[in-house]
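Structural characterization, general
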Amino acid sequence: MALASTQAAQARRQLVLNLFIYPGGHHEAGWRYPGARPERLLDITFYQDLARSAEAAKLDAVFFADGPAQVDNIRYASRFRLEPLTWLSAIAAATTHIGLIGTASTTYYEPYNLARLYASLDHLSGGRAGWNIVTTAVPQASANFGLAETPSHAERYARAAEFVDVVTKLWDSWEDDALVADPVSGLFADDTKIHPIEHVGRHYRVKGALNTPRIPQGRPVYVQAGSSDDGRSFAARYAEAIFTAHQTVESAKAFYADIKKQAAGLGRNPDHVKILPGISPYIGSTEAEARQLHEAFSDLIQPEYSISQLRQITGVDFSGHPLNAVVELDAFKDAGPAKLVASRFQLVVDIVRREKPTLRQLIDRLAGARGHYVVVGTPEKIADEIQNWFESGAADGFNVMPPWYAAGFDLFASQVVPILRKRGLFREEYTGRTLREHYGLPRPESQFAEAARATA
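What comes next concerns the included structure. (Residues numbered from 1 in each chain as written. Predicted model: local features only at pLDDT ≥ 70, side-chain atom pairs only at ≥ 80, totals over all residues. Heavy atoms only, no water.)

1. So, the overall build of the chain
- Helix and strand counts for the chain come out as 16 helices and 13 strands.
- In terms of C-alpha radius of gyration, the chain reaches 22 Å, essentially the compact-globule figure of 23 Å for 456 residues.
- Out of the 456 residues in the chain, the part that is buried amounts to 53%.
- For the chain, the proportion of contacts with a sequence separation of at least 24, taken over those separated by at least 6, is 78%.
- Summed over all atoms, the accessible surface of the chain reaches about 19,500 Å², with 53% contributed by carbon and sulfur. (Helix = DSSP H or I, 4+ residues; strand = E, 2+ residues; numbered from the N terminus. Rg over C-alpha atoms; globule rule 2.2 N^0.38 Å. Buried < 20%, exposed > 50% of the residue type's maximum accessible area, 1.4 Å probe, protein only. Contact = heavy atoms within 4.5 Å. Areas by Shrake-Rupley, 256 points an atom, 1.4 Å probe, with all protein chains shown as cover.)

2. As for the packing of helix H3 (residues 84-94) against helix H4 (residues 111-125)
- For the pair H3 and H4, the least separation of the axes is 9 Å and the interaxial angle reads 10°. The orientation of H3 with respect to H4, classified from their angle, is roughly parallel. Residues Leu85, Leu88, Ser89 and Ala92 of H3 pack against Leu117, Tyr118, Leu121, Leu124 and Ser125 of H4.
- Among the residues making up the contact of H3 with H4, the classes are represented as seven nonpolar, two polar and no charged. (Axes fitted to C-alpha atoms, helices over the stretch in contact; angles between N-to-C directions. Parallel < 35°, antiparallel > 145°, perpendicular 65-115°, else oblique. Nonpolar A, V, L, I, M, F, W, Y, C, P; charged D, E, K, R; others polar.)

3. Things to note about the pairing of strand E10 (residues 241-244)
- The two faces of E10 match: Ala241 and Phe243 on one face and Ile242 and Thr244 on the other face are all buried.
- Pairing analysis gives four bridges linking E10 to strand E11 (residues 274-283), with the strands arranged parallel. Following the sheet pairing, Ile242 is matched in E11 by Ile275.
- You can see the chain leave E10, run along helix H8 (residues 249-265) and come back into E11, and the turn it takes is right-handed. (Pairing = 2+ DSSP bridges. Right-handed = clockwise from strand over helix to strand, strands pointing away.)

4. Considering the packing of H4 against helix H6 (residues 153-172)
- For the pair H4 and H6, the least separation of the axes is 9 Å and the interaxial angle reads 50°. Taken together, the axes of H4 and H6 are oblique relative to one another. Of the two possible hands of crossing, H4 and H6 adopt the one that is right-handed. Along its contact with H4, which presents Pro111, Tyr112, Leu114, Ala115, Tyr118 and Ala119, the element H6 presents Phe163, Val166, Val167, Leu170 and Trp171.
- Looking at side-chain class alone, the contact of H4 with H6 contains eleven nonpolar, no polar and no charged residues. (Left-handed = near helix turned anticlockwise from the far one by under 90°.)

5. A word on the packing of aromatic side chains
- The full count for this structure, using the stated rule, is 23 aromatic pairs.
- By way of ring pairs, the aromatic residues Tyr118, Trp131, Phe163, Trp171, Tyr204 and Tyr222 are connected into one cluster.
- Seen from the ring of Phe390, Arg13 lies directly overhead, with NZ or CZ sitting 3.8 Å from the centre.
- Over the face of the ring belonging to Tyr22 we find Arg370, whose NZ or CZ atom lies 4.0 Å from the ring centre. (Phe/Tyr/Trp six-rings, centres within 6.5 Å; stacked < 30°, edge-to-face > 60°. Lys NZ or Arg CZ within 6 Å of the ring centre and 35° of its normal.)

6. So, helix H9 (residues 287-298)
- Taking 1.5 Å per residue, twelve residues should reach 16 Å; H9 reaches 17 Å between its end C-alpha atoms and fits that length.
- Buried within H9 we find Ala290, Leu293, His294 and Phe297. Taken down its axis, H9 places every buried residue within 95° of arc, on the same side.
- For H9, the elements touching its buried residues are E11, helix H12 (359-367) and strand E12 (373-377). (Expected span 1.5 Å × (residues − 1). Arc of directions from axis to C-beta.)

7. Details of the pattern of salt bridges
- Under the counting rule described, the total for this entry stands at 24 salt bridges.
- A salt bridge links Asp350 to Arg353, with the shortest nitrogen-to-oxygen separation between them at 3.0 Å. Remark: Arg353 and Asp350 occur in helix H11 (residues 342-355); sequence separation between them is three residues, near one turn of the helix.
- In this structure Arg353 comes out as partly exposed when scored by relative accessible area, which is 44%.
- Each of Asp172, Asp176, Arg214, Arg219 and Arg443 takes part in salt bridges that share partners, so that together they form one network. (Salt bridge = Lys/Arg side-chain N within 4 Å of Asp/Glu carboxyl O.)

8. Concerning the environment of Thr286
- Structurally, Thr286 is set in the loop between E11 and H9.
- Taking the C-alpha atoms as reference, Thr286 lies 38 Å from Gly320; in sequence the two are 34 residues apart.
- At a separation of 3.0 Å, a polar atom in the side chain of Thr286 contacts the main-chain amide nitrogen of Glu289. (Polar contact = N/O pair within 3.5 Å; in protein donor to acceptor, adjacent residues only side chain to side chain.)

9. Brief notes about the pairing of strand E1 (residues 16-21)
- Of all six residues that make up E1, six are buried, and the element is covered over most of its length.
- Residues Val16, Asn18 and Phe20 line one face of E1 and the alternating positions Leu17, Leu19 and Ile21 line the opposite face, and both faces are buried.
- Taken together, the four bridges between E1 and strand E2 (residues 61-64) define a ladder with parallel strand orientation. By the bridge assignment for E2, Leu19 is matched with Val62.

What follows is the structure in structure tokens.
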């Protein structure tokens with residue numbers, strides 16, 4: 001009987017699949033691939049079309065990354081950024097169900113402004129907003145905001161924790177039934193159910209309340225993308241979905257188990273923390289065709305750009321290193337992730353330790369998706385990999401990262417998703433309208449309503 005119940009629960013568990021939209025595609029040379037249409041990268045209809053394709057495939061969400069600085073290596077790659085909330089608002093108007101996740105930095109936003117922006121997106125989309133919470137490590141950003149240097153890793157996470165506490169209070173500051181809008185009685189809002197938050201902390205002083213009624217989801221879905229020790233601790237406490245990068249299923253399983261254990265230790269339901277690694281598929285009708293596709297992208301790599309990318313990740317300059325010489329682990333001994341993305345630094349070091357690649361092999365590996373998992377093969381092989389990670393405790397789903405647009409995603413949607421659906425791993429149709437419903441997450445109650453009941 002217990003076994004039957006376990007099998008029934010497993011049968012009900014469904015993959016989460018997001019389309020990670022990155023200008024030009026996730027291969028660093030994706031914008032150069034035939035048919036990639038780089039002239040459309042500033043055309044909103046291009047992104048609306050991508051989102052509609054993802055919605056037709058019943059994916060959970062589209063996701064836009066962001067960073068508040070121009071990076072140094074735009075010479076050879078499509079490395080500009082579009083402000084996500086503006087772009088997602090236009091996508092919301094062109095879609096009806098798909099979730100809308102955008103990145104915003106706790107280091108360079110103010111809580112009240114961010115709370116209003118995401119509240120507006122959730123209202124206008126009918127409850128589809130998700131906030132990817134980042135702390136922004138790139139040193140170029142600090143000078144854009146009048147700072148002499150980038151705040152330390154620990155300081156950024158301390159600020160982020162207080163930031164999330166503040167915006168959570170702001171999104172809760174209107175109880176669900178505070179907006180009355182009753183023409184007969186003349187009562188528009190019950191102001192006894194609209195609460196100043198009166199926050200005074202180390203980094204912020206915010207009176208509140210928010211000047212926007214409570215949103216359809218209660219709060220946007222909280223998403224997080226850090227895998228350092230501080231990042232894991234933060235994610236276990238706050239995140240409802242975690243974007244992460246892993247090269248092996250063993251690494252992914254260890255991360256998955258650690259986050260779920262930490263979340264449970266904090267009194268959270270581990271099922272309400274979705275672990276979503278990135279996957280970049282190169283799909284062919286045969287293994288040989290898929291390998292040819294991957295090799296075609298490799299041929300477009302420009303080493304000068306790739307080596308600058310590697311320097312940004314690791315802090316090590318390989319510009320004088322022969323491309324066909326093995327990268328030695330000692331090259332990283334004096335480097336460190338203090339002012340870098342610590343988890344991505346470690347990922348590169350692990351590749352070097354495990355595979356002993358040449359410099360050419362290392363930059364080729366990273367070019368495919370910046371350290372996310374690259375899979376080359378037939379639709380069945382891609383589906384097999386997804387199913388293995390999903391069922392072995394390595395992932396609750398994936399951020400799909402096509403090497404190029406739009407055909408790279410069209411292949412996944414038309415050839416891989418039907419296989420996953422046939423295996424009972426992915427939905428046939430949407431069963432809800434909000435991103436929380438897609439992810440199987442509860443709608444949180446306002447903490448002020450809870451407090452009012454407790455004192456009643």
